[in-house]
Amino acid sequence: MPATKAHRFLPRSCGATLLALGCWLASASMTAATAQTQGQAPVPTPGQPQTAIVVEFESLDRRHGTAVLLKAFWLPAAGPAGPRPAVALFHGCGGPYGPGPGRLSQRLRDYAALLNEQGMHALVVDSLTPRGERELCTQRIGTRAVTQAHRRLDALAALTWLARRDDVDDRRIGLLGWSHGGSTVLAATNLRQRDVAAHAVRPAFAIAFYPGCDAELARGYEPSGRLLMLIGEADDWTPAAPCRSLAQMATEPRPVIETYPGAFHGFDSTAPVRLRRDVPNGVNPGQGVHVGGDAQALRLSRERLLRFLAEH
């Protein structure tokens, strides 16, 4: 480990188990064992299936005096060894998994692959199952066992985990989140949060898809770095208006906000729009919320995301 990082960050052990997203690799167990011994993930080569290494690290969140041990998926970019940008990804209220046990959702796999294509490492953080929860969407706000305060501390821990790595450029670490995870990104980049202001590692950039903006709007938003928000105009779960207000009242560097007419929550997918009556929150509590993809918003938001990444 370079001396600069060794002096800035205390070492912390983490376990690693190599899983394949889509298929098992015959040599996976040997590679994972080497990575665990050396404390580094193996570097994939072009043409290999995208792989995820399951890692564990401590959140800054402590319960009964003990740090919550987080589970995360490390997806390194292929190519030559050397420090690269890295992005920590934060799931929405439904958690990080899709159909199949332990399989990341299509959205998270797609964005991790997109980041890898840009030469960026990806770290997908699971904030729910380490705390005994599967989803938060059907739980009323105010009754949830996992809150933004918990996830903010997860995000800060993820920044530290990334910054300690030899294969990560600690000057180019970013955060990316959706919905509840987008709100996590806002909370973890707000210098009016004491733990954020005191934290040694700050992200160079952050992206939030359709976050709930009310909490940070009420607190006052002082961004720790560049932020891009991508919002659906028709979102009746996490509405656009508070996010516009947050962008307008924030201190410099002011967030960039892009909105998409007619787009609902979860617009960056190909799923058809549906009404989720099992969600008790939203603009019209008790009446459900609309969720689903919008082809134009998906295309435009993807293009905007790539431009933002290229800029930062």
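Look up a bit, the structure's there.
This text gives an overview of the structure that appears in the document. From a predicted model like this one, the values you see are computed outputs, not experimental measurements. (Residues numbered from 1 in each chain as written. Predicted model: local features only at pLDDT ≥ 70, side-chain atom pairs only at ≥ 80, totals over all residues. Heavy atoms only, no water.)

### Brief notes about the pattern of salt bridges
Moving on, step 1. Following the criterion strictly, the structure yields 14 salt bridges and no others.
Moving on, step 2. The partner of Asp-167 in a salt bridge is Arg-165, and the shortest N-O contact between them spans 2.9 Å. Just as Asp-167 is buried, Arg-165 falls in that class too.
Moving on, step 3. If you follow the salt bridges from partner to partner, you end up with Asp-61, Arg-63, Arg-131 and Asp-154 in one network. (Salt bridge = Lys/Arg side-chain N within 4 Å of Asp/Glu carboxyl O. Buried < 20%, exposed > 50% of the residue type's maximum accessible area, 1.4 Å probe, protein only.)

### A few points about the packing of aromatic side chains
Moving on, step 1. If you walk through the whole model with that rule in mind, you get 11 aromatic pairs.
Moving on, step 2. Relative to Phe-267, the ring of Phe-209 has its centre 6.2 Å away and its plane inclined at 45°; by these criteria the two rings are tilted. Linking Phe-209 in strand β7 (residues 205-209) with Phe-267 in the loop between β9 (256-260) and β10 (274-276), this pair joins segments that are 58 residues apart in sequence.
Moving on, step 3. Given the relative accessible area of 0%, Phe-209 is considered buried.
Moving on, step 4. Of the residues examined, Phe-267 reaches a relative accessible area of 0% and is grouped as buried.
Moving on, step 5. Residues Tyr-260 and Phe-267 carry aromatic rings whose centres are separated by 5.3 Å and whose planes lie at 55° to one another, so their mutual orientation is tilted. With respect to burial, Tyr-260 and Phe-267 carry one shared label: buried.
Moving on, step 6. Site record: aromatic cluster; members linked through ring pairs are Tyr-111, Trp-178, Phe-209, Tyr-210, Tyr-260 and Phe-267.
Moving on, step 7. The ring of Tyr-111 is capped by Arg-302, whose NZ or CZ atom sits 4.7 Å from the centre of that ring. (Phe/Tyr/Trp six-rings, centres within 6.5 Å; stacked < 30°, edge-to-face > 60°. Helix = DSSP H or I, 4+ residues; strand = E, 2+ residues; numbered from the N terminus. Lys NZ or Arg CZ within 6 Å of the ring centre and 35° of its normal.)

### Some points on the state of the cysteines
Moving on, step 1. If you walk through the whole model with that rule in mind, you get 2 disulfides.
Moving on, step 2. Linked covalently through their sulfurs, Cys-93 and Cys-137 form a disulfide whose S-S length is 2.0 Å. Disulfide Cys-93-Cys-137: torsion about the S-S bond near 100°, hence right-handed. Note that Cys-93 is positioned in the loop between β4 (84-90) and α3 (106-117) and Cys-137 in the loop between β5 (121-126) and α4 (148-163), a separation of 44 residues in sequence. For the pair Cys-93 and Cys-137, a shared accessibility class is recorded, and that class is buried. (Disulfide = S-S within 2.5 Å.)

### Notes on the packing of α3 against helix α9 (residues 295-311)
Moving on, step 1. Contact pair α3 / α9: the axes reach a minimum separation of 12 Å and the direction vectors enclose 40°. With respect to α9, the element α3 is oriented oblique. Our pair here, α3 against α9, has a crossing hand that is right-handed. Seen from α3, the contacting residues are Tyr-111, Leu-114 and Leu-115; seen from α9, they are Arg-302, Leu-305, Leu-306 and Leu-309.
Moving on, step 2. Looking at the contact of α3 with α9, its residues break down into 6 nonpolar, no polar and 1 charged. (Axes fitted to C-alpha atoms, helices over the stretch in contact; angles between N-to-C directions. Parallel < 35°, antiparallel > 145°, perpendicular 65-115°, else oblique. Left-handed = near helix turned anticlockwise from the far one by under 90°. Contact = heavy atoms within 4.5 Å. Nonpolar A, V, L, I, M, F, W, Y, C, P; charged D, E, K, R; others polar.)

### Regarding the nonpolar core
Moving on, step 1. Of all hydrophobic cores here, the largest spans 42 residues; its most connected members are Phe-57, Leu-123, Leu-162 and Met-229.
Moving on, step 2. With 9 residues, the single largest contributor to this core is α4.
Moving on, step 3. Other than its neighbours up to four places away in sequence, Phe-57 contacts Val-68, Leu-69, Leu-70, Ala-72, Leu-123, Val-125, Asp-154, Ala-157, Ala-158 and Trp-161. (Core = buried A, V, L, I, M, F, W, Y, C linked by side-chain atoms within 4.5 Å.)

### Let's talk about the layout of surface pockets
Summary: where empty space remains is shown by rolling a probe the size of a single water molecule over the atoms.
Moving on, step 1. Each pocket or cavity is described by its volume, and for the largest pocket that value is around 780 Å³.
Moving on, step 2. The wall of the largest pocket is formed by 32 residues, among which Ser-105, Arg-107, Tyr-210, Ser-269 and Val-291 lie closest to the centre.
Moving on, step 3. Looking at the lining of the largest pocket, the elements with two or more residues in it are α3, β10 and α9.
Moving on, step 4. The biggest single contributor to the lining of the largest pocket is α3, with 5 residues.
Moving on, step 5. Residue composition of the lining of the largest pocket, by class: 13 nonpolar, 13 polar and 6 charged.
Moving on, step 6. Put simply, the second largest pocket is a space of about 590 Å³.
Moving on, step 7. Lining the second largest pocket are 27 residues, with Ile-141, Arg-144, Gln-148, His-180 and Ser-183 positioned closest to its centre. (1 Å grid on protein atoms, 1.4 Å probe; cavity = no way out; pocket = protein on both sides within 12 Å on 5 of 7 lines; lining within 4 Å. Points joined across faces, edges and corners; volume = space filled by probe spheres on them.)

### Thoughts on the packing of α4 against helix α5 (residues 180-188)
Moving on, step 1. At a minimum axis distance of 9 Å, the contact between α4 and α5 shows a crossing angle of 70°. Taken together, the axes of α4 and α5 are roughly perpendicular relative to one another. Our pair here, α4 against α5, has a crossing hand that is right-handed. Across the interface between the two elements, Gln-148, Arg-151, Arg-152, Ala-155 and Leu-156 of α4 pack against His-180, Gly-181, Ser-183, Thr-184, Ala-187 and Ala-188 of α5.
Moving on, step 2. Residues that form the contact of α4 with α5 fall into these classes: 4 nonpolar, 5 polar and 2 charged.

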